[in-house]
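A look at the structure
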Amino acid sequence: MLTRIDHIGIACFDLDKTVEFYRSTYGFEVFHTEVNEEQGVREAMLKINETSDGGASYLQLLEPTREDSTVAKWLAKNGEGVHHIAFGTADVDGVAADVRGKGVRVLYDEPRRGSMGSRITFLHPKDCHGVLTELVTSAEPSSAEH
Ligand code: CMX
Ligand code: CO
């Protein structure tokens, strides 16, 4: 069961400048930053609000760390903008299996590590009406998440 919009992933050329735009324009502050070498990104998570499932919704600002990363390739083709959406669930394995059974390509055999120790997988945009879709289970889902 998907219970929240966990984050919107936004690809940018310069993470620091983009963070400053969201801070000075809207007042959003950085909640967390990290480099995810496997995904080839340096990222900032800006928490927007808590959600009723015990989780939260974020903006995920993404800057590529290497030329061959998926985000670098996407930026070269499209320029900056919304790269993916992510739905939160307490059971990324179960939801991935369910959507796979409905004929949607799930990109990873097993979920991989995402922001803040979460477990993530992706659904192919060509099977999701043009939207690269991520599924997320937080590192420590609260008991309220279901
Ligand atoms: N949104 C919508 N469509 C997309 C897309 C995106 N983000 N990325 C690629 N596509 C489309 C392309 O436009 C292209 O369509 P056309 O054939 O009609 O031109 C098609 O998908 C293939 O695109 P491509 O440029 O050849 O890219 P690849 O097939 O090499 O890779 C994908 C696409 C989805 C498999 C790859 O981006 C991927 O594995 N993504 C998951 C991992 C990821 O995005 N990590 C970064 C974020 C990490 C995080 O959120 O923590
Ligand atoms: Co993401």
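For the structure, see preceding data.
The sections below set out a description of the structure shown in this document.

Parameters and conventions
- Residues numbered from 1 in each chain as written.
- Chains lettered and ligands numbered in written order.
- Predicted model: local features only at pLDDT ≥ 70, side-chain atom pairs only at ≥ 80, totals over all residues.
- Heavy atoms only, no water.
- Helix = DSSP H or I, 4+ residues; strand = E, 2+ residues; numbered from the N terminus.
- Rg over C-alpha atoms; globule rule 2.2 N^0.38 Å.
- Buried < 20%, exposed > 50% of the residue type's maximum accessible area, 1.4 Å probe, protein only.
- Areas by Shrake-Rupley, 256 points an atom, 1.4 Å probe, with all protein chains shown as cover.
- Lys, Arg positive; Asp, Glu negative; His and termini not counted.
- Charge placed at Lys NZ, Arg CZ, Asp CG, Glu CD.
- Pairing = 2+ DSSP bridges.
- Donors = N, O, S within 2.8 Å, 3.2 Å for Na, K, Ca; no water.
- Near = heavy atom within 4 Å.
- Polar contact = N/O pair within 3.5 Å; in protein donor to acceptor, adjacent residues only side chain to side chain.
- 1 Å grid on protein atoms, 1.4 Å probe; cavity = no way out; pocket = protein on both sides within 12 Å on 5 of 7 lines; lining within 4 Å.
- Sits in = over half its atoms within 2 Å of the grid points.
- Nonpolar A, V, L, I, M, F, W, Y, C, P; charged D, E, K, R; others polar.
- Arc of directions from axis to C-beta.
- Contact = heavy atoms within 4.5 Å.

**What to know about the overall build of the protein chain**
On a plain count of helices and strands, the protein chain comes out with three helices and eight strands. Relative to the 2.2 N^0.38 estimate, which gives 15 Å for 146 residues, the radius of gyration of the protein chain is 15 Å and therefore close to what a compact globule would have. Counting every position in the protein chain, which comprises 146 residues, the buried fraction comes to 45%. Roughly 7,900 Å² of accessible area belongs to the protein chain as shown, and the carbon and sulfur atoms make up 53% of that amount. Seen as two clouds, the 15 positive and the 24 negative side-chain charges of the protein chain have centres 5 Å apart.

**Some details on the pairing of strand β3 (residues 41-50)**
When a strand is regular, its side chains alternate between the sheet's two faces. As judged from the six bridges shared by strand β2 (residues 30-36) and β3, these two strands associate in the antiparallel manner. From the neighbouring strand, His 32 faces β3, where its bridge partner is Met 45. The turn linking β2 back onto β3 is made up of four residues, and Gly 40 within it adopts a positive phi angle of 70°. The pairing of β3 with strand β4 (residues 56-64) spans nine bridges and is antiparallel. Bridging across to β4, Arg 42 finds its partner in Glu 63.

**Side note on the coordination of the cobalt ion (ligand 2)**
All of the protein donors around the cobalt ion (ligand 2) are His 7 (NE2), Gln 60 (OE1), His 84 (NE2) and Glu 134 (OE); their distances to the metal are 2.0 to 2.2 Å. Donor residues binding the cobalt ion (ligand 2) come from one chain and are separated in sequence as H-x52-Q-x23-H-x49-E. Of this pair, Gln 60 sits in strand β4 while His 84 sits in strand β5 (residues 81-89), and the two are 24 residues apart along the sequence. His 84 matches Gln 60 in its accessibility class, with the two residues each being buried.

**A few points about the site of ligand 1**
Near ligand 1 you find 17 residues, and of these Gln 39, Lys 73, Lys 77, His 83 and Lys 126 are the closest. His 84 is positioned with one of its side-chain polar atoms (N or O) 3.0 Å from an oxygen atom of ligand 1. With respect to ligand 1, the side chain of Lys 126 contributes an N or O atom lying 2.7 Å from an oxygen atom. Starting from 970 Å² of accessible surface for ligand 1 in isolation, the protein chains cover 70%. For ligand 1, the cavity whose grid points lie within 2 Å of the majority of its atoms is the largest pocket. Taken together, the elements giving at least two residues each to the shell around ligand 1 come down to α2 (70-78) and β5. Split into classes, the residues belonging to the shell around ligand 1 amount to seven nonpolar, six polar and four charged.

**Focus: the pairing of β4**
Counting buried residues in β4 gives eight out of nine residues, a clear majority hidden from the surface. Sheet topology note: the strand β1 (residues 2-11)/β4 ladder contains five bridges and is parallel. Paired with His 7 across the two strands is Tyr 58, which belongs to β4. Between the antiparallel neighbours β3 and β4 lie five residues, among them Gly 54 with a positive phi of about 90°.

**Thoughts on α2**
Burial in α2 covers these residues: Val 71, Ala 72 and Leu 75. End-on, the buried residues of α2 take up no more than an arc of 100°, which puts them together on one face. Residues Thr 70, Lys 73, Ala 76 and Lys 77 are exposed on α2 and point more than 90 degrees away from its buried face. Where α2 is buried, its residues touch β1, β3, β4 and β5. Directly beyond the C-terminal end of α2, a positive phi value near 75° is found at Gly 79.

Keep in mind these numbers describe shape, not what the thing actually does.
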